[in-house]
Amino acid sequence: MNVQIEPSWKEQLQGEFEKPYFVALTDAVRREYQSTTCYPPGPKIFNAFNFCPFHRAKVVIIGQDPYHEPGQAHGLSFSVQDGVPFPPSLQNIFKEIHDDTGAPIPTTGNLERWARQGVLLLNASLTVRAHMANSHARLGWQQFTDAAIRALAAQREHLVYMLWGGYARGKAYMIPKERNLVLESVHPSPLSANRGGWFGNHHFSQCNAYLEQHGLEPIEW
C-alpha cells in the first residue's frame, strides 16, 4: 500500500502498511470520511510524522485523539490551526511553560514550530468523527501509532517522552527508561490539572536540561 507519509517514517513503518489491521483501518477511515464529517482534513492525517522526521525527533508528546470541533485539528496533538482559540488543555500547557521557563504565552496555538524542532506531537488515534471524542479509537490506529513509538524506542536514544494523563502513561512500558527521559504527570485538561500535579511539573525545563546534557539543542517552547 502506498501511504503518503514522510519518507523516513515510511521506511520505518513500511512493515505495518501491508498488515491486515492497517488495510482494514484505511478502509474504515475512508468510509468514515466519505459518509460523515471527520477531522483532521485528509491530507493532514499524518502531519505529526510529516513535520518531524524519524531521525530528527527529540521529544515525543502523546495525545489521545484529535480535537473534534470545526477548524481545530490539523494532525498534531494538542495543536490548533492559526486563529483558533486555545482549547483548555492548550491554555494550561502554555501557562505551565510560562511559569516553568518564562517563555511568553504565544499568540497562536499552532505547534508546527515545535514539530519542526523535533517534537513528535503524536495522537494515539489520528482521526476522529466530528463532535464525538474518541470515536475512532477502535478502528486500529493505536496499533499503528504504537508501532511508531516502538520504532523510536528500538532505534533512538536520549529522547524525552512526555506522558500526560492515564492514557499516555499507559505507553510507558514500551520505552527504555535507561536511555531516555520519561516525564509523567496528570493530563493538562482542567478536570485533571486543577486537582493538582500539572502546574509545577516543570516538564519543559527538565526536557531542555536533558537535551542539553546530551549535546542536543533545547526546544524553544
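The structure we're discussing is the one just above.
What this report covers is the structure whose coordinates are included nearby. It should be emphasised that the depicted structure is a prediction, and the values quoted were computed from it without experimental measurement.

**Some points on the overall build of the protein**
Here's step 1: Along its length, the protein carries nine helices and six strands.
Here's step 2: Rg of the C-alpha trace for the protein: 17 Å, near the compact-globule value of 17 Å for 221 residues, within the 12% margin.
Here's step 3: With respect to the three principal axes, the spread of C-alpha positions in the protein is 45 × 35 × 25 Å.
Here's step 4: Residue burial in the protein is summarised as follows: out of 221 residues, 55% are buried.
Here's step 5: Expressed as a percentage of contacts within the protein between residues at least 6 apart in sequence, the contacts between residues at least 24 apart total 63%.
Here's step 6: Counting every atom, the protein has about 9900 Å² of accessible surface; 52% of that belongs to carbon and sulfur.
Here's step 7: Of the charged side chains in the protein, 19 are positive and 20 negative, and the gap between their average positions amounts to 5 Å.

**Thoughts on the pairing of strand β5 (residues 160–164)**
Here's step 1: Taken across its five residues, β5 has five buried, putting it largely inside the fold.
Here's step 2: Taking every second residue as pointing to the same face, both faces of β5 are buried, with V160, M162 and W164 on one and Y161 and L163 on the other.
Here's step 3: Pairing of strand β2 (residues 59–63) with β5, which is carried by four bridges, proceeds in the parallel orientation. Along β5, the bridge assignment pairs V59 with V160.
Here's step 4: Note that β5 and strand β6 (residues 181–185) share five bridges and pair parallel. Bridge assignment links Y161 to a residue of β6, and that residue is V182.

**Some remarks on the packing of helix α2 (residues 20–35) against helix α6 (residues 141–155)**
Here's step 1: At a closest axis distance of 9 Å, the pairing of α2 and α6 adopts a crossing angle of 125°. In terms of orientation, α2 and α6 fall into the oblique class. Regarding α2 and α6, the two cross each other, and that crossing is left-handed. Between α2 and α6, the contacting residues are Y21, F22, L25 and V29 on the first element and W141, Q143 and F144 on the second.
Here's step 2: Across the contact of α2 with α6, the residue classes tally to six nonpolar, one polar and no charged.

**Observations regarding the sheet that holds β6**
Backbone-to-backbone hydrogen bonds pair the strands of a sheet. The strands run either parallel or antiparallel.
Here's step 1: Strand order across the open sheet formed by four strands is β3-β2-β5-β6, with parallel pairing between neighbours. In this open sheet, the two strands that pair with only one neighbour each are β3 (119–123) and β6. Across this sheet, the average inter-strand angle for adjacent strands is 15°, counted without regard to direction.
Here's step 2: Strand direction decides the pairing type here: β2 and β3, joined by five bridges, are parallel. When the bridges of β3 are listed, G63 appears paired with N123.
Here's step 3: Its contacts with the sheet place helix α9 (residues 203–213) against β2, β5 and β6, and it is angled at close to 165° to β5.

Conventions adopted
Residues numbered from 1 in each chain as written. Predicted model: local features only at pLDDT ≥ 70, side-chain atom pairs only at ≥ 80, totals over all residues. Heavy atoms only, no water. Helix = DSSP H or I, 4+ residues; strand = E, 2+ residues; numbered from the N terminus. Rg over C-alpha atoms; globule rule 2.2 N^0.38 Å. Buried < 20%, exposed > 50% of the residue type's maximum accessible area, 1.4 Å probe, protein only. Contact = heavy atoms within 4.5 Å. Areas by Shrake-Rupley, 256 points an atom, 1.4 Å probe, with all protein chains shown as cover. Lys, Arg positive; Asp, Glu negative; His and termini not counted. Charge placed at Lys NZ, Arg CZ, Asp CG, Glu CD. Pairing = 2+ DSSP bridges. Axes fitted to C-alpha atoms, helices over the stretch in contact; angles between N-to-C directions. Parallel < 35°, antiparallel > 145°, perpendicular 65-115°, else oblique. Left-handed = near helix turned anticlockwise from the far one by under 90°. Nonpolar A, V, L, I, M, F, W, Y, C, P; charged D, E, K, R; others polar.

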